[in-house]
Amino acid sequence: MNWIESFLSALRPSQGSGTAANVPDLIAGVTAKRSGQTAEALAAFERAAAHPTTQIEQVMIVRLMVETHLAARQVAAARALTEKHPPQGYVGSAAAHAWLASGMVAEAEGNLTAAGEAYSKAVKACREAANPPLEGLAMAYGAAVDLQAGSADYAVKVLREALPKMLSVGEQENSSYFQGILGQALIATGQETTGAGLIGQALETSVRLNDIGRIRLWSFALAERAFADARHFDADTHLSRALTLFPPDEASEAHVRTLTLYALNDLAQNETTRAVASAERACALADAPDMSPVVRQRAREARALALKTSGRLEDAIAEFAALAESAALSPRARRQYAAALADTGRPAEALTVLEAMKAAHTGTLEEALALRDIGLVHMKAGQTTQAIAAWVAAVPLCEAQHAWATAVRVLCEISLARRSLGQPARALKDIDSALMLLTRLSEHEVETRGVVLSHAANAYAETGDIESTDAFFTEAIAIAARVGDRAAEAMRLGNYGWFLMQIGRPRSAVVKLERALELGEALDNPVQRGVHFDSLGSAFDQLNDFASGHKYHEDAAALLEAAGATTWLASCRVNWAMTCLSLGELERARDLLGQALSAMGQVTGAADVRLRAETALANLALREKQPDAALTTRLVAEARTLENRRLLADALAVHSQTLADTGDAGGAKSAWDEAARLFTMMHMPQARMSPAWLSGQADAAEPRPSDLA
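Residues take numbers from 1 onward in each chain, read along the sequence in its written order. Under the rules for a predicted model, residues below a pLDDT of 70 receive no local features and side-chain atom pairs below 80 are neither given nor counted, while totals for whole chains, interfaces and linings still include all residues. Excluded from the side-chain calculation are hydrogens and water; included are all heavy atoms of the structure.

1. A short note on unusual backbone geometry
With a phi angle near 65 degrees, Arg73 is a residue other than glycine that sits in the positive phi range. A run of DSSP states H or I qualifies as a helix once it reaches four residues; a run of E qualifies as a strand once it reaches two. Both are numbered from the N-terminal end. Considering the arrangement of structural elements, one finds Arg73 in the loop between helix 4 (55-71) and helix 5 (75-84). For Arg73, a relative accessible area of 41% translates into the label partly exposed. At Asn270, a position not held by glycine, the phi torsion is positive, near 65 degrees. For the exposure calls, accessible area comes from a 1.4 Å probe over protein chains only, and a residue counts as buried if that area is under 20% of its type's maximum, exposed if over 50%, partly exposed in between.

2. A closer look at the packing of helix 18 (residues 331-343) against helix 19 (residues 347-360)
With their axes 7 Å apart at the nearest point, helix 18 and helix 19 run at an angle of 160 degrees to one another. Taken together, the axes of helix 18 and helix 19 lie roughly antiparallel to each other. Along this stretch, helix 18 crosses helix 19, giving a crossing that reads as left-handed. Where helix 18 approaches helix 19, its residues Pro331, Arg334, Arg335, Tyr337, Ala338, Leu341 and Ala342 are matched on the opposing element by Pro347, Glu349, Ala350, Val353, Leu354 and Met357. Considering only residue class, the contact of helix 18 with helix 19 consists of ten nonpolar, no polar and three charged. Fitting a line to C-alpha atoms yields each axis, with helices limited to the stretch in contact; the angle taken between N-to-C directions then spans 0 to 180 degrees. Geometric relationships in this document are graded by angle, where less than 35 degrees denotes roughly parallel, more than 145 denotes roughly antiparallel, 65 to 115 denotes roughly perpendicular, and other angles denote oblique. When the near helix sits turned anticlockwise from the far one by under a right angle, the crossing is termed left-handed; a clockwise turn instead gives a right-handed crossing. Contacts were defined at the residue level, with two residues in contact if any of their heavy atoms lie within 4.5 Å. The classification used treats Ala, Val, Leu, Ile, Met, Phe, Trp, Tyr, Cys and Pro as nonpolar, Asp, Glu, Lys and Arg as charged, and all other residues, Gly among them, as polar.

3. Points about the environment of Arg335
By secondary structure assignment, the location of Arg335 is in helix 18. Sequence-distant contacts of Arg335, that is, excluding residues within four places in its chain, are made with Leu354, Met357, Glu366, Leu369, Ala370, Arg372 and Asp373.

4. Description of the environment of Gln595
Relative to the helices and strands, Gln595 is located in helix 31 (residues 586-600). Residues Gln595 and Ala613 lie 18 residues apart in sequence; the distance between their C-alpha atoms is 9.8 Å. Apart from the residues within four sequence positions on either side, Gln595 is in contact with Arg573 and Arg588.

5. Notes on the packing of helix 4 against helix 5
Where helix 4 contacts helix 5, the two axes come as close as 8 Å, and the packing angle between them is 165 degrees. In terms of their interaxial angle, helix 4 and helix 5 are classed as roughly antiparallel. Helix 4 and helix 5 meet at a crossing whose hand is left-handed. Facing Val62, Met65, Val66, His69 and Leu70 of helix 4, the residues of helix 5 in contact are Val75, Ala77, Ala78, Leu81 and Thr82. Along the lines of polarity and charge, the residues of the contact of helix 4 with helix 5 split into eight nonpolar, two polar and no charged.

6. Regarding the confidence of the model for the chain
The quantity called pLDDT is the predictor's confidence in a given residue, expressed from 0 to 100. Averaged over every residue, the pLDDT of the chain is 89; residues scoring 70 or more account for 94%. Overall, residues 10-18 carries pLDDT values under 50, and its contacts beyond four positions in sequence, including any with other chains, amount to 18 contacts. Predicted confidence is poor over residues 697-709, with pLDDT under 50, and the contacts of this stretch with residues over four places away or in other chains come to 27 contacts.

Dropping the structure here:
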């Protein structure tokens with residue numbers, strides 16, 4: 001028995017026998033309505049109404065026509081029908097149908113109070129007529145209004161009472177729809193898994209019935225849930241299904257919302273070009289005169305976000321500024337507005353935006369996010385201490401709101417900042433705090449886990465704990481590969497290659513670095529590519545293939561210079577200079593080190609790069625038979641203040657050779673003994689070597705290639 005027949009049969013016992021002659025036309029109308037064929041549906045309903053029918057059936061047909069008009073956004077036509085068939089002219093179930101139609105029109109017009117009152121009167125009329133199935137339908141419509149008004153708990157209670165009444169006659173269309181509404185209400189009350197399951201069932205029924213409007217509705221609802229959980233592939237699947245069911249030029253709110261979310265989901269997947277295109281389409285359709293201002297604003301926000309991500313910063317700032325003047329920007333958009341200002345060299349303006357947000361959201365997660373972004377602006381401006389202060393204030397706010405993913409990411413930023421200040425011990429404590437919070441992350445936050453493990457690997461690489469470092473790198477790389485984040489995978493492979501090279505495994509390092517470069521070919525990231533080339537150069541240097549090392553360092557420097565990556569370029573020039581020393585190109589080495597030190601004199605922070613450059617100069621002085629004990633003494637002292645074991649070991653090694661060359665054998669031995677302990681602790685290949693002055697062999701400081709994995 002189809003739902004029309006079952007519904008009519010439920011009416012007959014108490015309302016008199018209707019006629020089945022109009023059933024084929026009713027079925028044709030409902031089928032056309034489901035598939036979005038408005039004209040065909042209305043024509044079929046008019047044919048059904050032309051048959052001799054009971055008053056109840058006549059008003060029910062009016063209600064179906066009202067639903068059809070509203071689905072096609074023809075609110076005025078729907079209103080005209082309800083005015084032609086006012087509920088005051090009917091009693092019993094007929095009055096209930098009329099009240100339902102009036103409530104639907106009021107709801108479409110945004111008058112939830114009038115809609116709720118109409119649905120309540122429909123329930124009362126059904127009870128007077130002893131019509132439980134129709135009563136359940138009226139109750140469900142009222143519960144949906146309660147949900148929109150923010151009374152989710154009450155909506156759940158009413159829907160759980162209403163659905164059994166509707167299902168008692170085997171009706172599927174409306175009962176499955178309100179099953180989905182119950183799912184939304186459950187999600188709003190925190191029962192997300194159960195709610196999403198009900199929405200999924202509603203979608204399955206809609207697909208089976210070929211109900212185009214509700215397929216789009218539930219696909220969007222599931223996409224929203226997936227997007228919130230960072231399940232971007234699932235969100236893409238649901239949104240793609242919905243978008244295929246909209247006519248390309250349909251300027252409806254549902255279409256604009258779907259395109260807007262599609263753009264945001266693309267941004268989350270680094271599909272920037274597609275995101276810009278989707279956002280532009282959403283904005284074009286949102287210009288329709290009857291579009292909700294909120295829907296239009298969200299589309300424009302998405303376009304601004306997409307423009308910013310694509311690098312069109314000035315266009316993005318203009319869009320953000322216009323939105324800020326005409327309407328309240330969402331917190332996320334306001335933060336991105338500040339980021340765009342900072343990226344275009346306007347940190348003061350960016351901080352003004354963020355400080356206002358912080359003040360407006362005291363004690364909330366939004367305050368924590370504002371503090372996080374304040375830290376990022378300070379860091380971009382070279383104000384590391386201020387950045388750390390903002391981030392330290394953000395962490396407890398995140399924890400209080402159970403925003404564990406944000407908390408651990410902020411802790412990683414603090415750790416990175418402390419390392420740049422030469423505070424590795426404190427940086428490691430911040431990473432350990434982040435690692436302890438990993439158990440709080442949900443199963444959907446695997447990308448955040450990867451970020452933390454990647455930071456942990458880089459921090460632990462400085463401690464000599466090669467087992468933990470190796471494990472962190474391995475899992476972080478595997479996570480990036482699993483979620484399809486090629487940029488993160490390439491970066492982590494590159495860092496892993498650098499680590500392997502540092503512990504004397506250059507052949508393994510070359511394999512990882514070449515894979516990183518292969519993954520990075522499709523990415524527009526010259527800085528990352530330059531860093532990987534530089535690391536490859538150092539790996540080949542360690543294999544005594546200085547010609548290859550020289551070429552990789554040279555290519556790396558060209559990329560980094562073109563990209564304006566000052567600190568990375570200086571670091572590369574130091575590595576390149578060491579290659580030149582090995583090749584006997586002393587003047588070239590001196591020139592490269594001079595360029596590196598000159599650049600570092602104009603950059604705040606990066607004390608490690610300056611120290612490495614001066615340590616290389618001390619090596620150059622040794623090659624020129626001009627040992628400078630005063631220089632190496634200062635370098636050892638500075639390395640101790642930076643708490644960097646690798647730099648201290650290198651400084652002690654050159655200090656040892658310098659003291660030996662100036663006749664201080666005791667000082668040379670003491671310096672080398674400490675350096676050797678550090679090299680051993682850090683598992684560096686220098687631990688397997690002896691300085692030339694100690695062994696009396698000119699080549700004793702060179703490792704044997706067979707020793708290098």
